[in-house]
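# Summary of the model geometry
Single-letter residue listing:
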Amino acid sequence: SRGMSRRRRAVLHPDLKRARSLLAAAARVVVLTGAGVSAESGVPTFRGPGGLWKQFRPEELATPEAFARDPRLVWEWYGWRRELVAGCRPNPAHLAIARWMRAHSGVTLVTQNVDDLHERAADDPAVALTPLAAPLGDRFLKLHGSLFRSKCTRCAYAAEHREPVDASSADTLPRCPSCGALLRPDVVWFGEMLPPGATQAAFAAAARAQACLVVGTKGAVYPAGGVAHEAQRAGAPLIVVDPGETDYDAMADLKLAGAAGEIVPALLEG
Ligand code: APR
């Protein structure tokens, strides 16, 4: 899509030109992403086709109760997801968002994703060619934790954890190097608190946003899903990029129906 001509862009999505000008006119933009932004990289979404793993729904495995009941099964699922994501690559949507964040100091990315594809896009050498307008630090907020981090179920230990997990038996599950208790994925499970700092920063950015771009999330899970509502309450136009139906469709100012990998570069580049 980088080679796409301007005329084709106009033809591709009549609303695309309007969305582009809304984003260009906004000094402060919040981008809210979900599993759909990683779909074209090969990472299955949660509530779409292929979202099930061994016939389990995320709501049945991503919970403290499921982990307490069967830590081996939960680690098997997370170990499988780690291996899968490690074999995937950022797609043009991740790369376009990463470039845009470097070029525009007012852009804040709020992601619900625990994969590391936004991070890897930010570290892509081609992306780094775009001069950095302002530090990324507090402009990149992960609300549901990270797939490649583990934390102790008992003490305060938490760290990056990329070695393969042997979930073949309860005895081979990863243990805390400092206290010996079971480790768990350092992600937010249903019913658990989101990281307070990132959450507060995300809602503060939304409350000041002059535009909000939602990419690849059904908007069914809260409080993360509420970031888009907060931006709209602040008067920000809401632009939704998704090939399917989302809970934001009725409130969106513009709905660009299609795949993130195609639409987001056309929306943000050139
Ligand atoms: N481009 C853009 N969007 C896509 C694409 C694509 N190529 N493919 C699918 N989608 C959309 C789907 O239509 C759907 O609206 O991505 C969205 C994914 O929605 P969910 O599967 O519900 O994922 P998400 O909204 O990120 O879930 C939120 O729920 O399970 C918890 O913690 C987990 O962070 C997750 C949260």
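Provided above is the structure to which this section pertains.
Residues numbered from 1 in each chain as written. Predicted model: local features only at pLDDT ≥ 70, side-chain atom pairs only at ≥ 80, totals over all residues. Heavy atoms only, no water.

The next point concerns unusual backbone geometry. At the junction of tyrosine 222 and proline 223, the peptide bond is cis and its omega measures out at 0° in the coordinates. Relative to the assigned elements, proline 223 resides in the loop between strand S7 (211–215) and helix H10 (226–233). Despite not being glycine, lysine 54 shows a phi value in the positive range, around 50°. Here lysine 54 is to be found in the loop between helix H3 (36–39) and helix H4 (58–61). One non-glycine residue, glutamine 55, lies in the positive phi region at around 65°. On the basis of relative accessibility, which here comes to 64%, the residue glutamine 55 falls in the exposed class. (Helix = DSSP H or I, 4+ residues; strand = E, 2+ residues; numbered from the N terminus. Buried < 20%, exposed > 50% of the residue type's maximum accessible area, 1.4 Å probe, protein only.)

This paragraph deals with helix H2 (residues 14–25). Three or more residues of H2 are buried, namely Leu16, Ala19, Arg20 and Leu23. On an axial view of H2, the arc spanned by its buried residues comes to 105°, and they lie on one face. In H2, those exposed residues whose orientation departs by more than 90 degrees from the buried face are Pro14, Lys17 and Ala25. (Arc of directions from axis to C-beta.)

Around the ligand, 20 residues are found, and the nearest of them are Ala35, Phe46, Arg47, Thr217 and Asp242. Glutamate 40 places a side-chain nitrogen or oxygen 3.0 Å from a nitrogen atom of the ligand. Contact distances for the ligand include 2.6 Å between an oxygen atom and a side-chain N or O atom of aspartate 242. The fraction of the free accessible surface of the ligand (750 Å²) that becomes covered by protein chains is 90%. (Near = heavy atom within 4 Å. Polar contact = N/O pair within 3.5 Å; in protein donor to acceptor, adjacent residues only side chain to side chain. Areas by Shrake-Rupley, 256 points an atom, 1.4 Å probe, with all protein chains shown as cover.)

The subject of this paragraph is the sheet that holds strand S4 (residues 145–152). The antiparallel open sheet is built from 3 strands, whose spatial order is S5-S4-S6. Looking at which strands have only one partner, the edges of the open sheet turn out to be strand S5 (158–160) and strand S6 (183–187). Looking at each pair of strands side by side, their axes are set apart by 40° on average, direction ignored. With 3 bridges joining them, S4 and S5 adopt antiparallel strand pairing. The partner of arginine 149 across the bridge, within S5, is glutamate 160. Its contacts with the sheet place helix H6 (residues 71–86) against S4 and S6, and it is angled at close to 140° to S4. (Pairing = 2+ DSSP bridges. Axes fitted to C-alpha atoms, helices over the stretch in contact; angles between N-to-C directions. Contact = heavy atoms within 4.5 Å.)

Before going further, it helps to spend a moment on the pattern of salt bridges. Evaluated as defined, the whole model comprises 14 salt bridges. The closest approach of N and O atoms between arginine 233 and glutamate 230, which form a salt bridge, is 2.8 Å. Linking arginine 233 with glutamate 230, this pair stays in helix H10, spanning 3 residues, or about one helical turn. The structure contains a network of salt bridges with shared partners spanning Asp116, Arg120, Glu160 and Arg162. (Salt bridge = Lys/Arg side-chain N within 4 Å of Asp/Glu carboxyl O.)

So, about the packing of aromatic side chains. With the rule as written, the count across this model stands at 5 aromatic pairs. Ring centres of tryptophan 53 and tryptophan 80 lie 6.3 Å apart, and the angle between their planes is 40°; this geometry places the pair in the tilted category. A residue pair is termed long-range when its members are at least 10 positions apart, and tryptophan 53 in the loop between H3 and H4 and tryptophan 80 in helix H6 qualify at 27 residues. Judged by its relative accessible area of 35%, tryptophan 80 falls in the partly exposed class. Aromatic side chains tryptophan 77 and tyrosine 78 sit 4.9 Å apart centroid to centroid with 65° between the ring planes, which places their arrangement in the edge-to-face category. Just as tryptophan 77 is buried, tyrosine 78 falls in that class too. In textbook terms, an aromatic cluster arises when at least three aromatic residues are bridged by ring pairs, as seen for Phe67, Trp77, Tyr78 and Trp189. For arginine 162, the ring lying beneath its charged end belongs to phenylalanine 148, and the centroid distance is 4.2 Å. Directly above the aromatic system of tryptophan 189 lies the positively charged group of arginine 184, at a separation of 3.8 Å from the ring centroid. (Phe/Tyr/Trp six-rings, centres within 6.5 Å; stacked < 30°, edge-to-face > 60°. Lys NZ or Arg CZ within 6 Å of the ring centre and 35° of its normal.)

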